[in-house]
Amino acid sequence: MAQDGEYLEVDSTKYIVWDEDRPLTWDDYPVIGVDASPDFINNNALTAVTHSVRGGIVKGEPNFEVYVLFKIKDSWTTSREDPQLFAHEKLHFDIAELYGRKLRKQIAAMGGQKVMNLSEYRRKIKFLLDEFKIKSMDYDEETGHGSLLDKQIEWQNFVSSEMQRLHKYK
């Protein structure tokens, strides 16, 4: 986290910023060629995401920017033909945005409480990012990586509901 107001400039050749007006499509995923390992050939995909949190205390006020980024070069698919697989992968990005909103809400709440200790912000941010990693693993496990349709729908409903609840922090 920068302390001097130097904010992130997103390289659109490497990242896609989460934006409800610009949803992911299969075209955003590089396709692994047929020469890839046989273990990856059966309709698999990976959605790589990251959170960029930059800022600090500026003129006695917390001033942070939180970006949720899809990492183009680290994401991939073996096929762009499976809509159920795509729905699963897309929700990974939405879960990342959900945690982006939780981060923004936490930062705003701490600002409202006049917290001026940067290490307190860092501690809360790290906690939420660690929670995001666990939630992402839970999502894959509970949905069988998207193969359990009823569980996938439960997760989609949960994430949608939470995103609505935290709409103010998008």
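Residue numbering note: each chain is counted from 1, following its sequence as written. Residue-level local features of this predicted model are given only where pLDDT is at least 70; pairs of side-chain atoms are given and counted only at 80 or more, and the full residue set underlies all totals for whole chains, interfaces and linings. Excluding hydrogens and water, the side-chain figures rest on all heavy atoms present in the structure.

## A word on the sheet that holds strand β3 (residues 49-58)
A pair of strands is considered paired only if DSSP assigns at least 2 bridges between the two. Strands here mean DSSP runs of E at least two residues long; helices mean DSSP runs of H or I at least four residues long; both are numbered from the N terminus. Taken together, the 3 strands give an open sheet; going across it, the order is β1-β4-β3, and neighbouring strands pair in antiparallel fashion. Of all the strands in the sheet, the pair left with one neighbour each is β1 (15-17) and β3. Ignoring which end each strand starts from, the neighbouring axes of this sheet average 35 degrees apart. Strand direction decides the pairing type here: β3 and strand β4 (residues 61-71), joined by 10 bridges, are antiparallel. Bridging across to β4, T50 finds its partner in L69. Sheet contacts for helix α1 (residues 83-112): β1, β3 and β4; angle to β4, the most-contacted strand, approximately 175 degrees. Axis definition: a line fitted to C-alpha atoms, limited for helices to the stretch in contact. Angles are taken between N-to-C directions and run from 0 to 180 degrees. Any pair of residues with heavy atoms lying within 4.5 Å of one another is described as a contacting pair.

## Side note on the nonpolar core
To define a nonpolar core, start from buried Ala, Val, Leu, Ile, Met, Phe, Trp, Tyr and Cys residues and group those joined through side-chain atoms within 4.5 Å. The buried label applies to any residue whose accessible area, calculated with a 1.4 Å probe on protein chains only, is under 20% of its type's maximum; exposed applies above 50%, and partly exposed to all values in between. Core analysis: the biggest nonpolar cluster contains 25 residues, and L24, F70, F93 and I95 have the highest contact counts within it. At the level of secondary structure, the elements contributing two or more residues to this core comprise β4, α1, α2 (118-143) and α3 (149-165). The element contributing the most residues to this core is α1, with 8 residues. Dropping the residues within four chain positions of it, L24 is found in contact with I16, Y29, F70, F86 and F93.

Function cannot be inferred from these measures alone, as they are strictly geometric.
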